[in-house]
Amino acid sequence: MYPHSTTRQLSLETLESRLVMAAPIDTFDRTAVVKAYLDRYVPSLATQVVWTGNTSSCDAGMADQRSTDATLEMINYFRNMVGLKDVALDNAFSAKAQQAALMMQAQNSLSHTPPANWACYTAEGAEAAGRSNLYLGVTGPRAISGYIEDPGAGNTAAGHRRWILYPFTDRMGTGSTSRANALWVISPRVEQATPDWISWPPQGFVTKSLVFPRWSLSRDKADFAQATVSMELNGTSVPLTQNAVANGFGLNTLVWEPANLVLPAANADANIKVTVRNVLVNGQAQNFDYTVTAIDPVIPPQPALTVQLAATSILENSLSTPNFVTVSRTNADLTKALQINLSSSDTSVLTIPTTAIIPVGTASIKLPIYVVDDEVADGNQMASITVSALGHVSSNASVTVLDDEVVMLGLSLDSGTIARNGGATTGRVTRNTPTTLPLVVHLVSSDTTAAALPTTVTIPVGASSIGFLVTAVENTSAAGLVNVIITASSEIGSAQAGLAVEGDVVAWPWRNTKNPFDVNDDGFVSPIDVLSIINDLNTFGSRVLTRPSANEQPPPFLDVSSDGFTSPIDVLLVINFLNLVGAGEGESSSEFSAPTDLALGDTNWLDTCCLDTFASGRRRKFR
């Protein structure tokens, strides 16, 4: 946005800035034009703004001196290209412009008349907004080049350009943040010798990159209301559109936009002839004819950085394996050390040192990179490593971090045993997937007469787990120790946990109380007992045993170990017994009596019965 001039008087303020004295550039001298472009425009454009302020605290801060100098150099480069003298920076103007730039960034909007309710509003900033060119999204020297280009449907009058190229000023002020610029351009008129007329692009030589789509011709107090303009490119007429004349922004100006102005390929000049007719100057019609020659300057290769990764993909669990990135500089001065800045696009995936030094005489440096193992099954993640350095073309490279986690639902209980009457414990379901969405988990108790719990719980957004209450069911006819399996299931998987509900001790029906090894209850321990369990396992597999219904009462007594499961361990116990005692021995007297009052989970008897005895090699019989 560019400001309108007004008739109000500006108070004269002390000029406290250093002057950069440069003579106007002879645009008819090709070498001078190329040298000025390479020595002044290119370095200024490459200068980044380092801002010390902060919008959160409304601290206007300041731009670093280097970028401020480059901003002034960019202003004077364009002024010198059209034959104008340098301006200097006024510290008072710049201080207020800095406040204006802060307001524009904080509000994320542009206005020459910001209201008092704007973020970070100050009277000084509002004053500067009314007297400044304003830019949001580009700052420092790049904003100056943007003002001269003056693109966009709202800038058809090229007001920003006209204020920078206004001949009757000798000072300006600049304020830059990380995303905004305010350039104070309205100051007391200074009468001084100036060119008769000012155009952009200027007559004579100009680099092709500065031949912007919007052209202009300015003259003090000229009347362009009836003026017409025509153009030719290398002798061929160029169609164009004349924009409406709008005065009040610097010098009176005619603005037009050529259509399809395609400049020749590299190393070929473009001669563009401009003819402007019927411009009234002091009431007299005048014509202006000039030629712009667009050229390609010889630009030496820029110092550049390159990034090379040892691999384009890294396992997330490769924390113990060093991973490296190599940063190299080309077209650079190796007689000087170079500080480089590095960053990761996603530090939750990949981290890297933020700064490093490439030593004198060295073209490259090897740096470690660190993979972040987040223990979340979030799939493969990509991160980009960017490296930059002052005066060098930056570079980046991408790496894919391969996820090593398997999507999993977890289930745990605070206690594995609760009492029958009034007992309770807390269960918890966990997920190792991203927490950006809620997760519904379904819960099932294998024995609802022993343990009750909610049918569903929902892990909320932002959480990786949620607890739920498991309570023993009271007033039931069931007695003894009941083994309950709690199952949790969701779209990402399922999990189980065992819970023992304790009550009055009763015999476990799946165990033969007379002789636990007599599976078929025929009075003998024989291979038939082994076969009974094997046949069951072949048919049904290893499984949790629940109390049998009326039509499935044992035998066979499948739970030899009394652990609540039928499994190969029950087969092994019978086989071991047969190997040590011998087949066919029944319920004769022995030095060991099998307990008759075991409930589910009472497996201590095995230590006495089988483990110690088998280890010592002594034979024992049951009765």
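Located above this text is the structure these notes cover.
Reading the values: rules and limits
Residues numbered from 1 in each chain as written. Predicted model: local features only at pLDDT ≥ 70, side-chain atom pairs only at ≥ 80, totals over all residues. Heavy atoms only, no water. Helix = DSSP H or I, 4+ residues; strand = E, 2+ residues; numbered from the N terminus. Areas by Shrake-Rupley, 256 points an atom, 1.4 Å probe, with all protein chains shown as cover. Phe/Tyr/Trp six-rings, centres within 6.5 Å; stacked < 30°, edge-to-face > 60°. Buried < 20%, exposed > 50% of the residue type's maximum accessible area, 1.4 Å probe, protein only. Lys NZ or Arg CZ within 6 Å of the ring centre and 35° of its normal. Contact = heavy atoms within 4.5 Å. Axes fitted to C-alpha atoms, helices over the stretch in contact; angles between N-to-C directions. Parallel < 35°, antiparallel > 145°, perpendicular 65-115°, else oblique. Left-handed = near helix turned anticlockwise from the far one by under 90°. Nonpolar A, V, L, I, M, F, W, Y, C, P; charged D, E, K, R; others polar. Pairing = 2+ DSSP bridges. Core = buried A, V, L, I, M, F, W, Y, C linked by side-chain atoms within 4.5 Å.

Draft legend 1. Quick look at the overall build of the protein chain. The helix and strand inventory of the protein chain stands at nine helices and 33 strands. When the accessible surface of the protein chain is totalled, it reaches about 28700 Å², and 52% of it is carbon and sulfur.

Draft legend 2. The packing of aromatic side chains, seen in detail. Per the counting criterion, the structure on display carries 13 aromatic pairs. Ring centres of Phe-78 and Trp-200 lie 5.3 Å apart, and the angle between their planes is 70°; this geometry places the pair in the edge-to-face category. Placement of the pair is Phe-78 in helix α2 (residues 65-81) and Trp-200 in strand β5 (residues 198-200), with a sequence separation of 122 residues. Here Trp-200 falls in the buried class, since its relative accessible area comes to 0%. Here Tyr-166 and Phe-168 contribute two aromatic rings whose centre-to-centre distance is 5.7 Å and whose plane-to-plane angle is 75°, an arrangement assigned as edge-to-face. This pair shows no difference in class: Tyr-166 is buried, exactly as Phe-168 is. Ring pairing ties together the aromatic residues Tyr-37, Tyr-41, Tyr-77, Phe-78 and Trp-200, which thus form one cluster. Positioned above the aromatic ring of Phe-324 is the side chain of Lys-366, whose terminal nitrogen or guanidinium carbon lies 4.7 Å from the ring centre.

Draft legend 3. Geometry of the environment of Pro-297. Along the chain, the position of Pro-297 falls in the loop between β13 (284-295) and β14 (304-309). Between the C-alpha atoms of Pro-297 and Tyr-37, which are 260 residues apart in sequence, the distance is 7.9 Å. Not counting residues within four places of it along the chain, the set of residues in contact with Pro-297 comprises Val-34, Tyr-37 and Thr-207.

Draft legend 4. The arrangement of the packing of helix α1 (residues 30-46) against α2 in detail. α2 packs onto α1 with a crossing angle of 150° between their chain directions and a minimal axis gap of 8 Å. Of the possible angle classes, the one that applies to α1 and α2 is roughly antiparallel. Here α1 and α2 pass one another in a crossing that is left-handed. On α2, the residues that touch Val-33, Ala-36, Tyr-37, Arg-40, Tyr-41, Ser-44 and Leu-45 of α1 are Ala-70, Glu-73, Met-74, Asn-76, Tyr-77, Phe-78, Asn-80 and Met-81. Here the residues of the contact of α1 with α2 sort into 10 nonpolar, three polar and two charged.

Draft legend 5. Looking closely at the sheet that holds strand β6 (residues 204-207). Here five strands make up an open sheet; going across it, the order is β6-β13-β12-β8-β9 and the pairing mixed. Of all strands in the sheet, those with a lone pairing partner are β6 and β9 (236-238), marking the two edges. Averaged over all pairs of adjacent strands, the angle between strand axes in this sheet comes to 30°, irrespective of strand direction. Where β6 lies against β13, four bridges are found, and the strand directions are parallel. Looking across to β13, one finds that Thr-207 is bridged to Ile-295. Here α1 sits on the sheet and contacts β6 and β13; the angle it forms with β6, its principal contact strand, is near 25°.

Draft legend 6. Just the nonpolar core, in detail. Ranked by internal contacts, the top residues of the largest apolar core, which has 62 residues, are Tyr-77, Phe-78, Leu-165, Trp-200, Leu-210, Trp-256 and Val-276. When residues no more than four places from it in sequence are discounted, the contact partners of Leu-165 are Phe-78, Arg-79, Val-82, Leu-84, Ile-148, Ile-198 and Trp-200. Leu-409, Ile-418, Ala-472 and Val-484 belong to the second largest nonpolar core, which has 26 residues in total.

Draft legend 7. Spatial organisation of the pairing of strand β20 (residues 364-371). Side chains of β20 alternate between two faces, with Ile-365, Leu-367, Ile-369 and Val-371 buried and Ser-364, Lys-366, Pro-368 and Tyr-370 left unburied. Here strand β16 (residues 323-330) pairs with β20 via six bridges, running antiparallel. Across the sheet, the residue bridging to Val-325 is Leu-367, located in β20. Sheet analysis places strand β18 (residues 350-351) next to β20, joined by two bridges and oriented antiparallel. When the bridges of β20 are listed, Thr-351 appears paired with Tyr-370.

Draft legend 8. Structural context of the packing of α1 against helix α5 (residues 140-149). It is the contact of α1 with α5, at a shortest axis distance of 6 Å, that shows an interaxial angle of 120°. By the criterion of interaxial angle, the relationship of α1 to α5 is oblique. Residues Tyr-41, Ser-44 and Leu-45 of α1 form the contact with α5, whose participating residues are Pro-141, Arg-142 and Ser-145. The residue inventory of the contact of α1 with α5, partitioned by class, reads three nonpolar, two polar and one charged.

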